[in-house]
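The residues making up each chain are set out below.
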Amino acid sequence: MANHYRIGILLLVAEQPRITLEEIADTLKGNLKTIGEHTRRLYTAGLINKKYSGKFVEHELSPYGKIFVKFLQSFRRL
């Protein structure tokens, strides 16, 4: 979680399950390769799940990712 993009990706995926990589990059105004690398790291860490749908990859939070997002959101309330 050492990068602001990863936090943004997690929060976005929490709000919009089944969001594609392209939609994430457009929303966060990031480079597609950069966002792809960050989603890969989040997947490797077990925070998001990927589902292949044709030529698109949809992203959802894993059970652990849902817990982590709740933890991140608790800081917003402070």
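Structure first, text after, so check above.
Residues numbered from 1 in each chain as written. Predicted model: local features only at pLDDT ≥ 70, side-chain atom pairs only at ≥ 80, totals over all residues. Heavy atoms only, no water.

Participant: Would you mind showing me how to read the packing of aromatic side chains here?
Facilitator: Pairs of aromatic rings are described using the distance from one ring centre to the other and the angle between the two planes. Tallied over the entire structure, the rule returns two aromatic pairs. Taking the centre distance of 5.9 Å and the plane angle of 45° together, the rings of Phe68 and Phe71 count as tilted. Of this pair, Phe68 and Phe71 both sit in helix α4 (residues 63-76), three residues apart, which is roughly one turn of the helix. For Phe68, a relative accessible area of 18% translates into the label buried. Residue classification places Phe71 among the partly exposed positions, given a relative accessible area of 45%. On the basis of an interplanar angle of 90° and a centroid distance of 5.1 Å, the ring pair of Phe71 and Phe75 is categorised as edge-to-face. A residue pair is termed a helical-turn pair when its members lie 3 or 4 positions apart in one helix, as Phe71 and Phe75 do in helix α4 at four residues. Taking the relative accessible area as the measure of exposure, Phe75 reaches 46% and is therefore partly exposed. An aromatic cluster of three or more residues is present, and its members are Phe68, Phe71 and Phe75. (Phe/Tyr/Trp six-rings, centres within 6.5 Å; stacked < 30°, edge-to-face > 60°. Helix = DSSP H or I, 4+ residues; strand = E, 2+ residues; numbered from the N terminus. Buried < 20%, exposed > 50% of the residue type's maximum accessible area, 1.4 Å probe, protein only.)

Participant: Can you walk me through the sheet that holds strand β1 (residues 19-20) in this structure?
Facilitator: Hydrogen bonding along the main chain pairs the strands of a sheet, whether they run parallel or antiparallel. Pairing is antiparallel across the open sheet formed by three strands, whose spatial order is β1-β3-β2. Two strands lie at the open edges of the sheet, namely β1 and β2 (48-53), each paired on one side alone. Bridge analysis of β2 against strand β3 (residues 56-61) gives six bridges, and the strand direction is antiparallel. Considered in β3, the bridge of Ser53 is made with Phe56. Docked against the sheet, helix α3 (residues 32-44) engages β2 and β3, running at close to 115° with respect to β2. (Pairing = 2+ DSSP bridges. Contact = heavy atoms within 4.5 Å. Axes fitted to C-alpha atoms, helices over the stretch in contact; angles between N-to-C directions.)

Participant: Teacher, can you tell me more about helix α1 (residues 4-15) here?
Facilitator: Residues lying three or four places apart along an α-helix face the same way, a consequence of the helix completing one turn every 3.6 residues. If you check α1, its first and last C-alpha atoms are 17 Å apart, about what 12 residues at 1.5 Å a residue would give, namely 16 Å. When α1 is considered as a whole, its buried residues turn out to be Tyr5, Arg6, Gly8, Ile9, Leu10, Leu11, Leu12 and Val13. On its buried face, α1 is in contact with β1, α2 (21-28), α3, β2, β3 and α4. A distance of 2.6 Å separates the backbone nitrogen of Tyr5 from a side-chain oxygen at the start of α1, and that oxygen is part of Asn3. (Expected span 1.5 Å × (residues − 1). Polar contact = N/O pair within 3.5 Å; in protein donor to acceptor, adjacent residues only side chain to side chain.)

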